[in-house]
Amino acid sequence: WLSFFCDRSGSSAGVRDYINSKLVPFAEANPQIFVEAELRKARHPYLKAFYENGNVKEIGIKNESADQISERVQFLRDQIGRKVSKKAYSKPVYAEHPSVQGKWENTRFLFPYQHQEPLPGQPAPNTDFDNHEV
């Protein structure tokens, strides 16, 4: 992953503390990860992680402390780089007005003769499926 920060900006103070105190122990503990810190003047700091599957994740770390940045780095390290679909987190839809067509039931037409009402003056349909005559 890469860390972008400014050497003078107040929003990069936590990043500078993290680089001075916690970056080297993290890099030594995780030799499989390529770590680089890049200086960018007059820009807010952010972390950028590149994964083997080709995906890239960026997290803004403006005005965060060294401990918060350490948590963000661990978060990026523990991810596999898969993009999260919005459908996985969608909430159920609650309508103010119920549907005119009624609630959908998947068993409604499983046995259509069970739900059929006879016309006036006609016998009821045979719903006994055990003694069904063909």
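This one's a predicted model, so the numbers in the text were calculated from it and none came from an experiment.

### Quick word on the pattern of salt bridges
Per the counting criterion, the structure on display carries five salt bridges. The partner of Asp67 in a salt bridge is Lys22, and the shortest N-O contact between them spans 2.3 Å. Of this pair, Asp67 sits in helix H3 (residues 66-78) while Lys22 sits in the loop between helix H1 (13-21) and helix H2 (23-29), placing them 45 residues apart in sequence. Here Lys48 ties to Glu58 by a salt bridge, and the two come within 3.6 Å at their closest N and O atoms. With Lys48 in strand E3 (residues 46-50) and Glu58 in strand E4 (residues 56-60), this residue pair connects regions lying ten residues apart in the sequence.

### Focus: the packing of H1 against H3
In the contact formed by H1 and H3, the axes pass within 8 Å of each other and the chain directions differ by 75°. Viewed along their axes, H1 and H3 adopt a mutual orientation that is roughly perpendicular. Each of Gly14, Val15, Asp17 and Tyr18 in H1 lies in contact with H3, whose residues at this interface are Ala66, Ile69, Ser70 and Val73.

### Quick look at the sheet that holds strand E1 (residues 2-5)
Taken in spatial order, the four strands of this open sheet run E2-E1-E3-E4, and their pairing is mixed. Each edge of the open sheet is held by one strand with a lone partner, namely strand E2 (36-39) and E4. With strand direction ignored, the average angle separating the axes of adjacent strands in the sheet is 20°. Here E1 pairs with E3 via three bridges, running antiparallel. Residue pairing across strands places Leu2 opposite Lys48, the latter belonging to E3.

### A word on the packing of aromatic side chains
The tally for this structure, following the rule as stated, stands at one aromatic pair. Taking NZ or CZ as reference, Arg40 lies 5.5 Å from the ring centre of Phe4, over its face.

### Quick word on the environment of Leu23
For Leu23, the location among the structural elements is in helix H2. Measuring from C-alpha to C-alpha, the distance between Leu23 and Val73 comes to 9.8 Å, with 50 residues separating the pair along the chain.

### So, the environment of Gly81
Its place among the elements puts Gly81 in the segment after H3. Each C-alpha atom of the pair Gly81 and Ala49 lies 8.4 Å from the other, and the pair is 32 residues apart in sequence. With residues up to four places along the chain from it excluded, the contact list for Gly81 reads Tyr51, Asn53, Asn55 and Lys57.

Thresholds applied
- Residues numbered from 1 in each chain as written.
- Predicted model: local features only at pLDDT ≥ 70, side-chain atom pairs only at ≥ 80, totals over all residues.
- Heavy atoms only, no water.
- Salt bridge = Lys/Arg side-chain N within 4 Å of Asp/Glu carboxyl O.
- Helix = DSSP H or I, 4+ residues; strand = E, 2+ residues; numbered from the N terminus.
- Axes fitted to C-alpha atoms, helices over the stretch in contact; angles between N-to-C directions.
- Parallel < 35°, antiparallel > 145°, perpendicular 65-115°, else oblique.
- Contact = heavy atoms within 4.5 Å.
- Pairing = 2+ DSSP bridges.
- Phe/Tyr/Trp six-rings, centres within 6.5 Å; stacked < 30°, edge-to-face > 60°.
- Lys NZ or Arg CZ within 6 Å of the ring centre and 35° of its normal.

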